[in-house]
Amino acid sequence: MEPVKVAVRIRPLTDQEQLEAGQGVCVTELRDGCSLHVDEPGAGKGGKVFGFHKVYGANDDNKKVFSESALDLVESCLQGINATVLAYGQTGSGKTYTMTGITPLVLETIFANCPSTCTVQISYLEVYNDTVRDLLNPENEDLPIREAQDGAIHVPNMTLVPVATKAQALHVLHSGTSYRATAPTLMNSSSSRSHSIFTIHMRRTEGGTVFMSKCHLVDLAGSERNKKTGNTGDRFKESVGINAGLLALSNVITGLAKRPMAVHIPFRDSKLTRLLQDALGGSSRTVFIACISPSVSNQDETISTLTYAARAKKITNTPVICKELLSQLRTEQEGAYFGFNRETHQRDQQRAKEEKEHEESSEVQTLRSKISDLQEELEADEGIFAEYLKETRILKKRLVDYEALHLQLSEELEKAYEKIAMLEEGCQPARTPVHVWGAKETADAATCTSLIPTRSLSPEKEDLAENKLQTLISVVELQGLRERESEFEKVAKDNYYYQKTNKKLKHKLRELTEGAGE
């Protein structure tokens, strides 16, 4: 059993805090280097003393913080024990500054001491509005969190980048940090809007044993009061999400710090607490760095941070060396691999079947829609065709009557020509050939007009000429009727085509419906 190590870091006053009238310091670092005094709010008298493993003042740099509070955790991580360095505190209290300074020192220690048989990989996650996002692959959003049978927490599908040097690891760190959610507030010009977890995965083979460990470097977003930060809109929603995650974390700390320990620890209340489950009360070695502001204007937040840090000091972990026999690990990996492939194959088959059924169903629906449209079009065409058919029958009857009349008038016209020839007393006007049905030439208006004598005729001659003209006009109408009849025949052919297409579509729909039913 080992208690969580808790250190406190007091940042210097900002330029704004120094310029504002009436500003003072409410925190005093005591000489032992492990405790500090905080004035009571309002009265300015009395106060409270907090004791921790280490207290760092405004003049202490990141190297000192690392060497005294985190170096031994990193060294144990090289031996196979998981380690977590976690920065907690109010917004603008120096958490990101602390973690940004410690991370290169952690990487330098690891690459300077890890043997050649050790492989190192990097992952970088952030919790934004209670959603886990992959900073090394921004498209990989809303990642799930899984818990293994042994209680270990892992994130499937997160990106792991292999690195061989400190420079490569820092390049990965800077690349991921560029995607982290940040925004300015009244208290911090580059406030972190998410909790970040930078993890160094180490795997070392020694003889027949494999040592596997992780070093988590956690930069929590700061607790916020909107009256001070001036957050509105999206910034306000982000602050609500940040405070909700920190509240869940404080509830976990409270439950773990109770004696006896609470029966239920609410790790599942947020994604942040689930990811930190191993660091708090688990098998990891953990250092909790509480960052505070010494300004009187932040007195309430400072006392709140120190109160939670004092509770975290009561949490105990059970560090264990993460190691397995190489043969056993290979067996487990092979079983997991083939089991995964088998499950994946079955899942893929089921998905392919569902997609095929969906495609067939979609095709059936499409065909039904097309058939419905064609049926409506066919019904409309059938109505038009019925009208055409009715008119065609009437025109055919009229055509028969015209043909009979044409034959009769042709005979009478021939007789009339003979009489005209005898009555004109030698006047022989040019006779236009009589056009009967089926001849190549077609009578037109000019032909009909040419049959009228150029000089006055007797009444009997005029009647005969007029009969001739009417006969030719009837021939012209008869030709028009023939053309109309060909149009009706074309419509009938089109109707036959629509009926044939409709039958084919109905037959295809019946086949698909029977196939989907099977």
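Before reading on, note that the structure itself is shown above.
All values derive from a computational prediction rather than experimental measurement. (Residues numbered from 1 in each chain as written. Predicted model: local features only at pLDDT ≥ 70, side-chain atom pairs only at ≥ 80, totals over all residues. Heavy atoms only, no water.)

Draft legend 1. Expanded view of the packing of aromatic side chains. Taken as a whole, this structure holds three aromatic pairs when the rule is applied. Each ring, one from Phe50 and one from Phe52, has its centre 6.3 Å from the other, and the planes form 10°; the classification is stacked. With respect to class, Phe50 is no different from Phe52; both count as buried. With a centroid separation of 5.4 Å and an interplanar angle of 40°, the aromatic rings of Tyr88 and Phe288 are classed as tilted. You can see Tyr88 sitting in strand β7 (residues 83-89) and its partner Phe288 sitting in strand β17 (residues 285-292), a full 200 residues away along the chain. In this pair, the class of Tyr88 matches that of Phe288, namely buried. Directly above the aromatic system of Phe52 lies the positively charged group of Lys313, at a separation of 5.6 Å from the ring centroid. (Phe/Tyr/Trp six-rings, centres within 6.5 Å; stacked < 30°, edge-to-face > 60°. Buried < 20%, exposed > 50% of the residue type's maximum accessible area, 1.4 Å probe, protein only. Helix = DSSP H or I, 4+ residues; strand = E, 2+ residues; numbered from the N terminus. Lys NZ or Arg CZ within 6 Å of the ring centre and 35° of its normal.)

Draft legend 2. Highlighting the pattern of salt bridges. By the definition in use, this model includes eleven salt bridges. For Lys54, the salt bridge identified is with Glu68, shortest N-O distance 3.6 Å. Of the two residues, Lys54 is situated in strand β6 (residues 54-56) and Glu68 in helix α2 (residues 62-69); the sequence distance between them amounts to 14 residues. On the basis of relative accessibility, which here comes to 24%, the residue Lys54 falls in the partly exposed class. The exposure class of Glu68 is partly exposed, given its relative accessible area of 37%. A salt bridge links Asp219 to Arg180, with the nearest nitrogen and oxygen atoms 2.9 Å apart. (Salt bridge = Lys/Arg side-chain N within 4 Å of Asp/Glu carboxyl O.)

Draft legend 3. Quick look at the packing of helix α3 (residues 71-78) against helix α4 (residues 95-113). Two numbers describe how α3 lies on α4: the axes approach to 10 Å, and their chain directions differ by 35°. Note on packing geometry: the crossing formed by α3 with α4 is right-handed. Residues Leu71, Val74 and Leu78 of α3 touch α4, and the partners they reach there are Val106, Thr109, Ile110 and Asn113. (Axes fitted to C-alpha atoms, helices over the stretch in contact; angles between N-to-C directions. Left-handed = near helix turned anticlockwise from the far one by under 90°. Contact = heavy atoms within 4.5 Å.)

Draft legend 4. Representation of α3 within the structure. Within the sequence span of α3, burial applies to Leu73, Val74, Ser76, Cys77 and Leu78. Taken from the residues just after α3, Gly80 is the one with a positive phi, measuring 110°.

Draft legend 5. View of the side chain of Ser283. Secondary-structure assignment places Ser283 in the loop between α8 (271-275) and β17. Here Asp278 takes part through its side chain, which lies 2.9 Å from a polar atom of the side chain of Ser283. Those residues in contact with Ser283 that sit more than four places away from it in its chain are Ile81, Asp278, Thr318, Pro319 and Val320. (Polar contact = N/O pair within 3.5 Å; in protein donor to acceptor, adjacent residues only side chain to side chain.)

Draft legend 6. The nonpolar core, seen in detail. Core analysis: the largest hydrophobic core is formed by 43 residues, its most contacted members being Val8, Leu36, Phe52, Leu220, Leu280, Phe288 and Leu306. For this core, the secondary-structure elements that each account for two or more residues are β2 (5-10), β4 (35-38), β7, β8 (118-128), α7 (234-257), α8, β17 and α9 (299-312). Among the elements that line this core, the one with the most residues is α7, at six residues. If near-sequence neighbours (up to four positions away) are discounted, Val8 is found in contact with Leu36, Phe52, Lys54, Val55, Tyr56, Ala290, Ile292 and Leu306. (Core = buried A, V, L, I, M, F, W, Y, C linked by side-chain atoms within 4.5 Å.)

Draft legend 7. Local environment of the pairing of β4. Here strand β3 (residues 27-29) runs beside β4; their pairing, made up of three bridges, is antiparallel. Paired with Glu29 across the bridge in β4 is Leu36. Linkage of β3 to β4, two consecutive antiparallel strands, is achieved through a turn of five residues, within which Gly33 is found at a positive phi near 75°. Where β4 lies against strand β5 (residues 48-51), four bridges are found, and the strand directions are antiparallel. For His37, the partnering residue across the bridge sits in β5 and is Val49. (Pairing = 2+ DSSP bridges.)

Draft legend 8. Spatial organisation of the sheet that holds β3. Spatial ordering of the open sheet is given by β3-β4-β5, a layout of three strands whose pairing is antiparallel. In the strand order of this sheet, the two ends are held by β3 and β5, each with one partner. Strand-to-strand twist across the sheet, computed as the mean angle between neighbouring axes with direction ignored, equals 25°. In the packing of α9 onto the sheet, contacts are made with β3, β4 and β5, and the angle to β4 comes to roughly 145°.

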